[in-house]
Each structure stands twice: as C-alpha cells, then as structure tokens.
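# Residue-level structural notes
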Amino acid sequence: MAWFRHDKFGMFIHWGPYSALAGEWNNQQIPPHTEAEWIMQRFNIPVADYRERAHQFNPVRFNADAWVALAKATGMKYLVVTAKHHDGFAMYHSEVSKYNIVDWTSFHRDPLKELSDACQRAGIRFSVYYSHREDWDDPNGFGNNWDYNPAKKNFSQYIETKAKPQLKELLTNYGPLGLVWFDRGMDTPQHAAEFADLVHSLQPQCLINGRIGSYKQELMGDYQDMGDNGMPSGGLDEDWETPQTLNTTWGYSKFDQDWKTPGVVIHRLVEIVSKGGNYLLNIGPMADGTVPQPSVAVLNEVGKWMSRNSESIYGTTASALPEFPWGRTTVKGSKLYLHIFSWPADRTIRISGLNNGVNSARLLLDPTHKLPVASQDGNILITVPAAMPDSRDTVIAVELDSPPVVAPPVVTQDSDTGFELNYLTAVTTGNAKKRFNRDGGFHIAKWTAPEDIASWILSVSVAGKYAIKIRYAAAKDWKDGQYILTVGHHEMKGPVKATGDGYQYATFDAGTILFPKAGQYRLELKPAEKYSHYLMYLESLTLEPVGQ
Ligand code: FHN
C-alpha cells in the first residue's frame, strides 16, 4: 500500500463506444445528470445496434503520451482506464472475445498497450478498471434484461468464459498493474474471492479496490472506495479513495458542460487528503480520442497549483485537527501544512486544539520569510501578509517541535439538547476502527477485545440524568457479545443483540446515567471480553436528558 498512501492523486478514464454516442441515441438525449456510459441500458439499445455503433468507433486522434502527459502535468501519479465497462466492449486486444477495439473496429490499435507503455515512460502507475459483474453484451452477464431473459442466464458461465479469462489477459499482457479497479460488486463472496485470488496469483503486488465484493459485506480488497463523488465527514481508520467526476458524467456527454472549477478540484483534493484518502478524478475522452478542452483547462490549472504545492499533498497523512473556518490541514511528520482557502481579514490564522511548540511558519510559495507566530488562550496564531498569494489555496508550512499532538474533540450540548456520539468525534484505540460501511454510512468496527476502545469527551452543561440509546448492527453469531459502557466511575454492561445480515442498524436502550454536575466527562465503549468476532458495527450513542 506504500505507493497508494504516498501518491494521493490519480486519473480515472472512462472511454469506450459510449463516448461516440456522447449522450444521444436516435435524436434523444439521455436525461440530464445520467451517466453517459450507461446509455445502452438507459435506452435499452439492442446488442446488435450497439455492436454496430461500436464497429464504427475509430479514435484516430488518440495519443497515449498526450493523456499520460496530462495526468502527469496535473500532479496525478496513477492512472485507471476502463478495460471493459458495463457495455462489455474490451478496449484492448482480447483473445477471449472478438468484441474488442482491435478486432471489432477499423482502429486496429490497442490503447491499453499504448497507455501502459506511455505510463512506463512517464513514471505513472498504470491500472485498469474491469466491470467484472455487469456485462450487457454477454448473454450470461449481469444487467441486460432487454435482450436476454434473466431466467435463462448462467452467470457462472459468463464468469468462467469471459470475465476471468479477460482479467487474466490484463494481468498478463500489460506489465505490472498498480491496481485493478472492480466495480458494482459481485453476487457472492466466493465469486469475489476467486477474482481476488486470480489477481494475487498473477500479480501479487497489484492492489484490489473495495468494490470487488458485495456492497453489503465486509471489505474484500486492499482499500475502501467511497460511493461515487462521496466524501466522509471526518477521518477514517482505513485506507480509502473516492472516485469523482469533473462534470457530472463519467463517459463523455456533449450535453454535460457542468465543469468543476480548478478551485473546487484543489479544495476537494486537499479535503480528501486531509482525511487520509485518495482522489481518483475522472476524464471522459471523446470519440476521436481527444480529451474535452474544458477538462484540459481545469486540469492544467490544478497542475500549476500542484507544481508549487505538492509537498503538502504527496506522502502526507490525515490530520487529527478539526476543519477550520479558514481551510484544512495536512501532516508530514512534524510538519503541519495549513491550506488557507479563505484569507482572514485580520491577517491572523488561528489554530486551536494543537498542543505543540512551533519552530517556524513559512509560506510554501516564499520560504525565505518566516511568518510571526504567537500563542494566546491555548491557540496558535500566525500572522499572514495582507494579500492572499494564491486565491485558491495558499499553503503555510509549519515546523512543529514533534508530530502534531492534538487534543481529542470535545462534544458540546445546547442547553436543551442531548449528545449524539458517532465516528466523527470518537477517539479509537487498539483495533477499534472508524470505517465506511460500504452502504453510504460510517461506523466503528473491528473491535474484538477489551483493549479496543472508542471514547468521547463530553462537555456537559446541563447536569442530571440522561437516557442512553445505542444504535448498531450485529450479525447472528455475534449475539454472545457484551459491551461495557463507562462514564467516569460508572460502568454498565449490555448485551449485543443480532440485528440481521449486513448493515441493518437497530436502536436499543442502554440504561441511564447521572451527570451530577456540569463539566467534562469521558465516555468509553468496549467489548466486555475477547471475542472471535467484532463486538458490533456501532453507528451512534445518543444521550437524552430525562431530568434530575
Ligand atoms: O456504474 C458505474 C459508473 O458507470 C462508473 O463507472 C462509476 C465510477 O465509479 N462506477 C459505477 C457506479 O458506481
């Protein structure tokens, strides 16, 4: 995972026969905000008709070096290109099926081979996207129920005769792959494991993304992918990536001109990296093989910013500091990078919650000048010049006396409300981990023993009794588990009840607790003893005031 953790920024490429349809079929436009690469399914285009259009695909202006140069100039370090998307068409020379760009079109070239070579020359890590479940061309693949009768499908046959053999080709003929990016999950964990085994057996160094397995099951693969364009609200205790669009579609659509600005892309990159993730940003090249000019323009601007500021991105780790009104932070050892998105009118950047001494603070753009640093009421104050040197994100590199020592977040309450405690404000130790649940939500998992603890600091302003509710999901065979909930010296034990398969959260009463006076309290939750399974998938604890 070392390169993945270091590199942070990758280029996603969605390109195939759908790029030539460009969002239109029989003079009809796909509905706005519909992904253009889904056009075959959206219009139920018959296989024969789609195949005919694929036959005409002829990207004469395709230049692998130009694409790779664009990725490199943007500061991207890895590239993931669609080898086969859901339409079933292979964008490389496949012996398994003639339905591929070399044999089926008059282009007769293998873009993946050319891209792999170009990546090798440029020092970019080459990777492939492979739609392993969905295949609208194959009679036995998943998804096409307009040409093929689902009752007559033999999915295993599709896997054995097309998906696995094609994956094998990709793992054999295109040099070392950084990762294989699977999509849309798999029908059974067994099938998913077979694809993982194939990758491991042919390229043990190759990473596997989180979408290889079913979305309702534990992560299989090396890291989590958020949902499309997804962003967690806080940091996680696992490796993750978020695939994101530059406009709203993945494959090219001539109707979609909703481009993100360079500033938005830079802010997202920083936000993702500040939370420990990777940004896989998509381009949708056109039928002739060129990249739409608006994408190029945005990426070039992002690249200019990266050329001056990339040390605050590559090789950094998530920051435990909170989100600040002025921007975000990234960390590299004892260096803290302040990413200033909005310049303070009083020329003062305030950092709260940091228990470190500061050796120096300098603008990354002008390291010869030290910025004045002071401390006040436990906050670190840095005085900045009157004008913002980079209006999108000005970075200040702060040398600390040690890696950041960050005070745990304090959860406060309004006078008439209780507390909601979840992964965002939790401090986890041992094997208790804050994770994406692969279903759009987040929880704390992986805890199996009493040293695996999630804790919260509460600032209680209203003394009195509080009813505690605990919301979690637990599988059938975890029901022998018990949790211990401790607040100050008060300890409560509770049973874990099965809630169903997957992530079926349910809420349970967990008793009441008395806060005798206002002040700060620490609440912790942990397994009562050692188990051979997780304690639970904890979504939240809520504390509601119920009087004296
Ligand atoms: O259905 C696909 C979609 O077309 C696109 O490839 C995205 C990229 O993350 N993945 C799927 C939807 O999640």
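Details of the structure are given in the entry above.
Calculation rules
Residues numbered from 1 in each chain as written. Predicted model: local features only at pLDDT ≥ 70, side-chain atom pairs only at ≥ 80, totals over all residues. Heavy atoms only, no water. Helix = DSSP H or I, 4+ residues; strand = E, 2+ residues; numbered from the N terminus. Contact = heavy atoms within 4.5 Å. Salt bridge = Lys/Arg side-chain N within 4 Å of Asp/Glu carboxyl O. Buried < 20%, exposed > 50% of the residue type's maximum accessible area, 1.4 Å probe, protein only. Near = heavy atom within 4 Å. Polar contact = N/O pair within 3.5 Å; in protein donor to acceptor, adjacent residues only side chain to side chain. Areas by Shrake-Rupley, 256 points an atom, 1.4 Å probe, with all protein chains shown as cover. Expected span 1.5 Å × (residues − 1). Arc of directions from axis to C-beta.

## A short note on the environment of Thr412
With respect to the helices and strands, the residue Thr412 is situated in strand E19 (residues 410-412). Leaving out residues up to four positions away in the same chain, Thr412 has contacts with Phe419 and Ser459.

## Some words on the pattern of salt bridges
Enumeration according to the criterion identifies 33 salt bridges in this entry. Among the ionic pairs, Lys98 bridges to Asp103, the shortest N-O distance being 3.7 Å. Residue classification places Lys98 among the exposed positions, given a relative accessible area of 57%. Across the pair Glu524 and Lys526 runs a salt bridge whose closest N-O atoms are separated by 3.7 Å.

## A few points about the site of the ligand
With respect to spatial proximity, 14 residues lie near the ligand, and among them His14, Glu37, His86, Asp183 and Asp228 are the closest. Residue Tyr129 places a side-chain N or O atom 3.4 Å away from an oxygen atom belonging to the ligand. Within the side chain of Arg211, a nitrogen or oxygen atom sits 3.2 Å from an oxygen atom of the ligand. The protein chains hide 92% of the 320 Å² of surface that the ligand would expose on its own.

## Concerning helix H7 (residues 111-122)
With 12 residues, H7 ought to run about 16 Å at 1.5 Å a step, and its terminal C-alpha atoms sit 16 Å apart, in line with that. Buried residues of H7: Pro111, Leu112, Leu115, Ser116, Ala118, Cys119 and Ala122, and no others. Down the axis, H7 shows its buried residues gathered within 165 degrees of arc, on one side only. Counted as exposed and oriented over 90 degrees from the buried face of H7: Gln120 and Arg121. Next to the buried residues of H7 lie helix H5 (64-74), strand E4 (78-84), helix H6 (101-104), strand E5 (125-130) and helix H8 (155-173). Between the side-chain oxygen at the start of H7 and the backbone nitrogen of Leu112 there is a gap of 3.0 Å, and the oxygen is on Asp110. Of the residues trailing H7, Gly123 is marked for its positive phi of about 75 degrees.

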